[in-house]
Amino acid sequence: MAPEPETMPISVDFLGGLDTLFSNKTSHTISLPLLNPSDSSPASVGFLISYLVEHHLKHPRTEFFVQDDGHLTPGILVLINEADWELEGEEECELKAGDKVVFVSTMHGG
């Protein structure tokens, strides 16, 4: 049996209605593996997104969060420790223990 991977705590918030996709909870603290098991690279925001889809997304309509290619659905803003992820390298941004990642949907019904 393979040993459990080392993990780090990451805070994740889902705002703008995204919480409905994640058990109707706005705030989550997850134990994210330190390394992406597919290529042993350090955990990044891109890996976090795929990890969230695989382990935490409870809604059957995954397209509200990710597209078929695994990238975020347009209209979702991402903040990493209160900074726009575009300034941090987007999906390639490496995460550290204690980081806070916030996903905000700008798509609202009306």
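The protein chain has the name Ubiquitin-related modifier 1 in an unreviewed UniProt entry, where Cercophora samala is given as its organism. Per UniProt, the comment on the protein chain under Sequence similarities (unreviewed entry) is "Belongs to the URM1 family." Per UniProt, the protein chain carries the Pathway (unreviewed entry) text "tRNA modification; 5-methoxycarbonylmethyl-2-thiouridine-tRNA biosynthesis."

## Structural notes on the packing of aromatic side chains
For the coordinates displayed, the defined rule picks out six aromatic pairs. Judged by centre distance (3.8 Å) and plane angle (5°), the ring pair of F14 and F22 falls under stacked. Where F47 meets Y51, the ring centres are 6.0 Å apart and the plane angle is 55°; that geometry is what we call tilted. A residue pair is termed a helical-turn pair when its members lie 3 or 4 positions apart in one helix, as F47 and Y51 do in helix 1 (residues 45–55) at four residues. In this pair, the class of F47 matches that of Y51, namely buried.

Cut-offs and rules
Residues numbered from 1 in each chain as written. Predicted model: local features only at pLDDT ≥ 70, side-chain atom pairs only at ≥ 80, totals over all residues. Heavy atoms only, no water. UniProt positions renumbered as here; feature names shortened; annotations may be inferred. Phe/Tyr/Trp six-rings, centres within 6.5 Å; stacked < 30°, edge-to-face > 60°. Helix = DSSP H or I, 4+ residues; strand = E, 2+ residues; numbered from the N terminus. Buried < 20%, exposed > 50% of the residue type's maximum accessible area, 1.4 Å probe, protein only.

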